[in-house]
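# Topology and contacts: notes
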Amino acid sequence: MFDVLTLNKISNKIYAVLNDDYAVSDNATAPDAILVRSFNMAEYDIPDSLLCVGRAGAGVNNIPLPRMTDKGICVFNTPGANANAVKELVICGMLLACRDVIGGNKWANTLEGDDVPKQVEKGKSQFGGIELYGKTLGIVGFGAIGAKVAVAAEALGMKVATFDPYYTGDQVKVYENVDDLYANSDFISLNLPLLPTTRGMVNDKAIKKMKDGAVIINMARGELVDVNAVKEALDSGKLRSYVVDFPNADCLNYKGIIAIPHLGASTEEAEENCAIMAASQIKDYLENGNIVNSVNFPRITVPRTTDNRLTIIYNANTKALDGIKEALSVVEHTLNYVERDTIGYAIVDTAAGINLEDNDNLISRIADVEDIISIRIL
Ligand code: MLT
């Protein structure tokens, strides 16, 4: 039986994946796994029992990755699972920025009397806008969301370009330098993670490089953008609008800022997709030791051919792997290992008939190897 702790409300589609072998609750004290959405785990007291975390979403800035890695805890996210929902909100954000639907709606609701249709026609000119067709969209970050935004924007008649140092494809025009994207875009959509290198990247210097009247769409993370710099640019007319799905108090009730309460992934479909993907990934890790879509562990999938499997997490910057090989030399086995930064991870399948639980000798030989972080019999 595995204990799974939920730190946020997660779609109950997880129960299609986590069967009777799993006890899922929001109060487990010694969980094997945690499922989380945006709960901030920065100060979270990590239980000794914890083996893995499944983030039902893409961003992992709410999870203390270095602490997790040091403790040998594998953290998963669900890239792409909510990309369609976020894409649709990016398109919605662009439309809201160029058509004053929000202002018009507020105004329309104040009208009264038999001649509302007449008042509508008389007053509508204050809410006129511009069109997306023919405008240029610069997408910063061309991952699962950015790529979908590009397709949808092109279907609306927009020209699309991207800046993403990790993107090697040719779906759209690629700028080598983000400043060139800023200088050539009417709309700039931020679709990249919050990292030490991206925090505050949209600051006064960046905004100066942008076209006059540009629109910034931020469905990624609030901290990517210096809100004070945006406000100054809105006041001066340099920027037309800032649409943000991660508003702080400074973003509220400000002319030109459209604040949305983190709705990017809040669709039934996205919540279900993320929940199923996160649950499937932690299940495969807990039961088989396989790792897909981890943000701190290397990727590995080894089909199960025997009931005798153990996994070993070791410090990759040491001679631990040699020690593991030596320790394993006493049994017939298959060793698969992968390394990523400091994390080394081995899946060992021993020949049929070896009962690992009873084989203290083998387990203690491995445990005696220096720089082993943990061993698990699966
Ligand atoms: C994400 O990073 O994918 C979103 O923030 C997910 C969410 O809304 O939980």
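Refer to the preceding data block for the structure.
In this numbering scheme, every chain counts its residues from 1 along its sequence in written order. Only residues with pLDDT of at least 70 are given local features in this predicted model, and only at 80 or more are side-chain atom pairs given and counted; all residues enter the totals for whole chains, interfaces and linings. The basis for every side-chain value is the complete set of non-hydrogen atoms in the structure, without hydrogens or water.

This next bit is on the packing of aromatic side chains. Two rings from Phe, Tyr or Trp (for Trp, the six-membered ring) form a pair when their centres sit within 6.5 Å of each other. Planes less than 30 degrees apart are called stacked, planes more than 60 degrees apart edge-to-face, and all others tilted. Following the criterion strictly, the structure yields seven aromatic pairs and no others. Ring plane angle 90° and centroid distance 6.3 Å describe the contact between Phe39 and Tyr44, whose orientation is recorded as edge-to-face. Residue classification places Tyr44 among the buried residues on the basis of a relative accessible area of 17%. For the ring pair Phe76 and Tyr285, a centre distance of 5.7 Å and an interplane angle of 65° mean the geometry is edge-to-face. Here Phe76 is found in strand S5 (residues 74–76), whereas its partner Tyr285 is found in helix H9 (residues 268–288), with 209 residues between them in sequence. Here Phe76 falls in the buried class, since its relative accessible area comes to 0%. Buried, partly exposed and exposed residues are distinguished by accessible area as a fraction of the type maximum, computed with a 1.4 Å probe on protein chains only: under 20%, between the cut-offs, and over 50%, respectively. Here a strand is any run of E in DSSP of at least two residues, a helix any run of H or I of at least four, and the numbering for each starts at the N terminus.

A molecule or strand has a residue near it when one of that residue's heavy atoms lies within 4 Å. By nearness alone, every residue bordering the ligand is listed as Arg37, Arg55, Gly57, Ala58, Gly59, Asn82, Arg221, His262 and Ala265. Residue Asn82 places a side-chain N or O atom 2.8 Å away from an oxygen atom belonging to the ligand. Two N or O atoms count as a polar contact when they lie within 3.5 Å, although within protein this holds only if one can serve as hydrogen donor and the other as acceptor, and sequence-adjacent residues are included solely when both atoms are side-chain atoms. Here Arg221 contributes a side-chain N or O atom positioned 2.8 Å from an oxygen atom of the ligand. When residue character is reported, Ala, Val, Leu, Ile, Met, Phe, Trp, Tyr, Cys and Pro are called nonpolar, Asp, Glu, Lys and Arg charged, and the others, Gly included, polar. When its residues are assigned to classes, the shell around the ligand shows two nonpolar, four polar and three charged.

Here we come to the nonpolar core. In plain words, nonpolar cores are sets of buried Ala, Val, Leu, Ile, Met, Phe, Trp, Tyr and Cys residues tied together by side-chain atoms within 4.5 Å. Counting 32 residues, the largest nonpolar core has Val140, Tyr182, Leu190, Val202, Ile207, Met210 and Leu239 as the members making the most contacts within it. Within the residue set of this core, elements represented by two or more residues are strand S7 (159–163), helix H6 (178–184), strand S9 (187–190), helix H7 (204–209), strand S10 (214–218), helix H8 (227–236) and strand S11 (239–244). In this description, contact between two residues means that some pair of their heavy atoms is separated by no more than 4.5 Å. Other than its neighbours up to four places away in sequence, Ile207 contacts Val202, Ala229, Val230, Ala233, Lys238 and Leu239.

Note that all results are geometric; they support no functional claim without further evidence.
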